[in-house]
Amino acid sequence: MSRGPRSAQAHRDWGTDETGCSVLHVDMDAFFASVELRRRPELVGRPVVVGGSERSVVLAATYEARAFGVHSAMPMALARRLCPQAVVLPPDHLAYQEASRAVMEIVHEVTALVEQISIDEAFLDVSGARRRLGAPTAIARDLRERVHAEVGITCSVGIATTKFVAKLASTHAKPDGMMLVPAAATVPFLRTLPVGALWGVGERTEKLLADWGITTVAQLADTEVSAVQAAVGKAAGAHLHDLAWGRDPRPVEPGRAERSIGAETTFEHDLYDSAVIGSALLGLADRCAARLRHQGFVARTVSVKVRTSDFRTLTRSRTLRAPTDVAQEIHQVARELVESVDRRGLPVRLVGVRAENLEPRSTSVLQPTLEEAVQEEAGSRRAAEETLDRIRDRFGVNSIGPASTRRRSTTTRADVDLS
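Cut-off values and rules
- Residues numbered from 1 in each chain as written.
- Predicted model: local features only at pLDDT ≥ 70, side-chain atom pairs only at ≥ 80, totals over all residues.
- Heavy atoms only, no water.
- Helix = DSSP H or I, 4+ residues; strand = E, 2+ residues; numbered from the N terminus.
- Buried < 20%, exposed > 50% of the residue type's maximum accessible area, 1.4 Å probe, protein only.
- Contact = heavy atoms within 4.5 Å.
- Areas by Shrake-Rupley, 256 points an atom, 1.4 Å probe, with all protein chains shown as cover.
- Expected span 1.5 Å × (residues − 1).
- Pairing = 2+ DSSP bridges.
- Axes fitted to C-alpha atoms, helices over the stretch in contact; angles between N-to-C directions.
- Arc of directions from axis to C-beta.
- Salt bridge = Lys/Arg side-chain N within 4 Å of Asp/Glu carboxyl O.
- Parallel < 35°, antiparallel > 145°, perpendicular 65-115°, else oblique.
- Left-handed = near helix turned anticlockwise from the far one by under 90°.
- Nonpolar A, V, L, I, M, F, W, Y, C, P; charged D, E, K, R; others polar.
- Patch = residues over 30% accessible without salt bridge, like charges linked within 9 Å, V, L, I, M, F, W, Y side chains within 5 Å.

Asks: Would you mind showing me how to read the overall build of the protein here?
Replies: Across its full length, the protein carries 16 helices and 13 strands. With 419 residues in all, the protein has 51% of them scored as buried. Sequence separation of 24 or more characterises 69% of the internal contacts of the protein that already satisfy a separation of 6 or more. Taken as a whole, the protein presents about 19,800 Å² of accessible surface, with 51% of it coming from carbon and sulfur.

Given below as structure tokens:
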């Protein structure tokens, strides 16, 4: 989904006609940072950045920090230079997951048609809830009030006829706001935006369009679809041209399955030592496997990411003989994949592990190999890891882990990708 910039021309008042505007996009405001401020109220009003060491990236920043140019995914070293007075807090992913669950419970009380697309945002189709709860703006207003009162954080809501316009509306409503884009105002609203705001337009696509003189949604809409296709490809060109005219038939998809679960770590110093890198991979595999078990998934594919000291990023993946949620199995594949990467003799700055092609464990066919069936090794490994899960549930996520990972000094980021 595009993270394109907001437009200064896109004012918030586009009318009050809610006919057909049954799609809501709910987005938490500076989510990680807001959760931290909830338990540290003395920091409210100050620039706060959630992140790790100087070699990691910003996970979240309060709006006071953003005023200095700090934003998510920015290198922490740059963020500290831009805003040296910022309070830097280490991430607490368990707290963020708990807050997300609390918000999503409220959201699901509004309607069963909920499509959660990340830890802090979701689409709702409220067409069936209007008779019970009122107009979409009333539903959005009540939802925002409940999230603030019960969870202690704020959210912004966009309301429109389609998902991608609702997403754009919530972006323009931030922070702590609500924005309705009536059906008749959809195209005028879109024409105020830069082309990078469109769903699916990343930096590369934005540059390709700019080479053809297309930098705004209005220019995209007014360009022949064949020219747009020549710039970015046949399928992508037709899709973007439709979006520029507000055409997007994709419905809210309740219960959409998560597609990957991953974690990555940036080392305090660039590393040649394969033993230390392997230890880091084990810790990442452990985190992925724990989250798979917690959410009831198994993975059919393991992928790795390696970033060398020259900032070159390399990826490798492998499909497993049988799906798994066991850390040792994920680690074995991840280590083999990392060892297969041609680093050109350079040290490693970052490694990541991702479990992909997820499916529910309850419906997955888990066929053991003959060796596993005889030795029951895989079952015993999983039982041991489930014991670790129970200890973590009681004493905290960092209370226990694989022995070889306990002495590492790195900054780790975990994420669930729903895109």
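Asks: Explain helix α14 (residues 327-339) here, please?
Replies: The α-helix advances 3.6 residues per turn, and as a result positions three or four apart in sequence lie on the same side. The first and last C-alpha atoms of α14 sit 18 Å apart over 13 residues, in line with the 18 Å expected at 1.5 Å per residue. The complete set of buried residues in α14 reads A327, E329, I330, H331, V333, A334, L337 and V338.

Asks: Just checking my understanding: could you explain unusual backbone geometry for this structure?
Replies: Excluding glycine, a negative phi dihedral is what most residues carry, and trans is how most peptide bonds are arranged. A cis amide bond links K174 with the next residue in sequence, P175, at an omega value of -5°. Looking at where P175 falls in the secondary structure, it is placed in the loop between α7 (163-173) and β8 (178-180). Of note in this structure, F311 is not a glycine but carries a positive phi near 70°. You can see F311 is positioned in the loop between β10 (297-308) and β11 (313-324). The backbone phi angle of N357 is positive, close to 50°, even though this residue is not glycine. Along the chain, N357 falls in strand β12 (residues 348-360).

Asks: Please clarify how the sheet that holds strand β4 (residues 87-89) should be interpreted in this entry.
Replies: Backbone-to-backbone hydrogen bonds join strands into a sheet, with any given pair of strands oriented parallel or antiparallel. Strand order in the open sheet made by the 3 strands is β3-β2-β4, with mixed pairing throughout. Edge positions in the open sheet fall to β3 (58-61) and β4, since each of these has one partner strand only. Averaged over neighbouring strand pairs, the angle between their axes works out to 25° when direction is ignored. Sheet analysis places strand β2 (residues 48-51) next to β3, joined by 3 bridges and oriented antiparallel. Bridging from a neighbouring strand, V49 pairs with A61 of β3.

Asks: Even after reading the chapter, I still don't get helix α6 (residues 136-151), so can you show me in this structure?
Replies: Here α6 is 16 residues long and its end C-alpha atoms lie 22 Å apart, about the 22 Å a rise of 1.5 Å per residue gives. Among the residues making up α6, those that are buried are P136, T137, I139, A140, L143, R144, V147 and V151. For α6, the buried positions fall inside an angular range of 160° around the axis, keeping them on one side. In the segment just after α6, G152 is the residue with positive phi, at about 85°.

Asks: Sorry, what's going on with the side chain of K163 here?
Replies: When you line up the elements, K163 lands in helix α7. Not counting chain neighbours up to four residues away, the residues in contact with K163 comprise V23, E115, F123, W199, D248, R250, P251, V252 and E253.

Asks: Please clarify how the pattern of salt bridges should be interpreted in this entry.
Replies: Between side chains of opposite charge, pairing is possible as soon as their charged atoms come close. Overall, the coordinates contain 20 salt bridges when judged by the stated rule. The closest approach of N and O atoms between D248 and R250, which form a salt bridge, is 2.8 Å. A relative accessible area of 34% means that R250 is categorised as partly exposed. Between R312 and D310 there is a salt bridge, with its nearest N and O atoms 4.0 Å apart. The buried category is assigned to R312, whose relative accessible area is 18%. Looking at D310, the relative accessible area reads 40%, which means it is partly exposed. A single network of salt bridges, built from pairs that share partners, joins D27, D29, E121, K167 and K174.

Asks: Even after reading the chapter, I still don't get the packing of helix α4 (residues 93-110) against α6, so can you show me in this structure?
Replies: Relative placement of two packed helices is described by the angle separating their axes and the distance separating the axes. Their axes nearest at 10 Å, the elements α4 and α6 cross at an angle of 150°. Relative to α6, α4 is oriented roughly antiparallel. Regarding α4 and α6, the two cross each other, and that crossing is right-handed. For the pair formed by α4 and α6, the contact residues are A99, A102, V103, I106, V107, E109 and V110 on the first element and I139, L143, R146, V147, E150 and V151 on the second. Classifying every residue of the contact of α4 with α6 gives 10 nonpolar, no polar and 3 charged.

Asks: How should I be thinking about the sheet that holds strand β5 (residues 114-118) in this particular structure?
Replies: The strand order across the open sheet formed by 5 strands is β5-β6-β1-β7-β8, and the pairing between neighbours is mixed. Edge positions in the sheet fall to β5 and β8, since each of these pairs with one other strand and no more. The average undirected angle you get between the axes of adjacent strands in this sheet is 15°. On the sheet, α4 packs against β1 (23-28), β5 and β6 (121-125) and is oriented at approximately 155° with respect to β5.

Asks: In this structure, what is going on with a nonpolar patch on the surface? I would like to understand it.
Replies: A cluster of nonpolar side chains, F68, L78 and L82, forms an exposed patch at the surface whose accessible area comes to about 220 Å². With respect to the secondary-structure elements, L78 resides in helix α3 (residues 76-82).

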